[in-house]
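What the coordinates show
Spelled out from the first residue to the last, the chains are:
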Amino acid sequence: MNVLVANDDGIQAQGIYELVKALSGKADVYVCAPESQRSASGHGITVSKPIIAEEVEFEHAALAIRFSGTPADCVKLGVKILQKKGIQIDMVFSGINHGGNYGTDTLYSGTVSAAIEGSICGIPSVAVSVNSHEAEHFDYACHLAVEALEKAGDKMSADMVLNINVPNLPKEEIKGLKYTTLGNREYREFFTPFQAEDGRTAYQYTGEPVVYEDLPDTIDVIAMQAGYATITPLHWDLTDYRFMDKIKEWRINE
């Protein structure tokens, strides 16, 4: 089996190294990752300038390419470069991200977007994240990634993504695994103004996650808050099917 591994933390991040190492025992791994940090880049792709691609050494990988573009670029272009080399990718993995990617944060996530790009390319894909920007416990995330490869790879449809999130804890301290839906991840947000070097006013974003109460742990945000790892099936289709018939009644075209 051939697996493409991408991320948004950059090709030198510890998380992608740990994921490649874990998957390499079960598949031939090809790394296609950004040359630098691209967190919260969403599903942007590079259209206004060329994307630079350069082969580099990467332990445990059959081949590694670093890109000047976005996480989605790395998958979109990486798949095509590998195809020209006669390598057909069977699954895409993105991560392991340093920081959780669940709830509405998936809309901002470069990690999840790289996996969704894999599904857009018709390849079953998995996003993996550890819920801390100072992540240091990757063992359980690697375990779930390998299990997903072995147990779900031949069962997943080509247009779906498994989104895996794991607390930054030793495996024995994690309460368990929940299969969840996406939730609303809210923040107490702050935009702190300061004066840039050129004299203009600039703003620095920071945010503190809201802690929820009295909500079911079938929601990813709540399960993670309670100390569980989560797996959520995702799809790129953002259609709100609840309103497909209702919007016809609004007679917008009259």
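Our subject is the structure that appears above.
Everything in this summary refers to the structure shown in the same document. Not measured: the values here are computed from a predicted model.

**Digging into the nonpolar core**
Among soluble globular proteins, nonpolar side chains are generally buried collectively. In terms of nonpolar packing, the biggest core is built from 38 residues, with V5, L23, V31, F93 and V126 touching the most fellow members. Every element with two or more residues in this core is listed here: β1 (2–6), α1 (14–23), β2 (28–34), β5 (91–98), β6 (125–130), α4 (139–151), β7 (160–166) and β11 (229–235). For this core, the element with the most residues is α4, which contributes eight residues. If you look at the next biggest cluster of nonpolar residues, it comprises 16 residues, including L4, I65, I87 and I89.

**Digging into the pattern of salt bridges**
Proximity of charged atoms lets side chains of opposite charge pair with each other. Taken as a whole and assessed by the stated rule, the structure comprises 12 salt bridges. A salt bridge links E55 to K85, with the nearest nitrogen and oxygen atoms 3.1 Å apart. Note that E55 is positioned in strand β3 (residues 53–56) and K85 in the loop between α2 (71–84) and β5, a separation of 30 residues in sequence. Among the ionic pairs, E249 bridges to K246, the shortest N-O distance being 3.4 Å. Taken together, the positions of E249 and K246, both in helix α6 (residues 246–249) and three residues apart, correspond to about one turn of that helix.

**So, the packing of α2 against helix α3 (residues 110–120)**
To describe two helices that pack against each other, one gives the angle between their axes and the distance between the axes. Interhelical geometry of α2 versus α3 gives an angle of 20° and a closest axis separation of 7 Å. With respect to their mutual orientation, α2 and α3 come out roughly parallel. In this structure, α2 crosses over α3, and the sense of that crossing is right-handed. Of the residues in α3, those touching α2 at P71, A72, V75 and K76 are G110, A114, E117 and G118.

Parameters and conventions
- Residues numbered from 1 in each chain as written.
- Predicted model: local features only at pLDDT ≥ 70, side-chain atom pairs only at ≥ 80, totals over all residues.
- Heavy atoms only, no water.
- Core = buried A, V, L, I, M, F, W, Y, C linked by side-chain atoms within 4.5 Å.
- Buried < 20%, exposed > 50% of the residue type's maximum accessible area, 1.4 Å probe, protein only.
- Helix = DSSP H or I, 4+ residues; strand = E, 2+ residues; numbered from the N terminus.
- Salt bridge = Lys/Arg side-chain N within 4 Å of Asp/Glu carboxyl O.
- Axes fitted to C-alpha atoms, helices over the stretch in contact; angles between N-to-C directions.
- Parallel < 35°, antiparallel > 145°, perpendicular 65-115°, else oblique.
- Left-handed = near helix turned anticlockwise from the far one by under 90°.
- Contact = heavy atoms within 4.5 Å.

Spatial relationships are all this shows, so hold off on functional conclusions.
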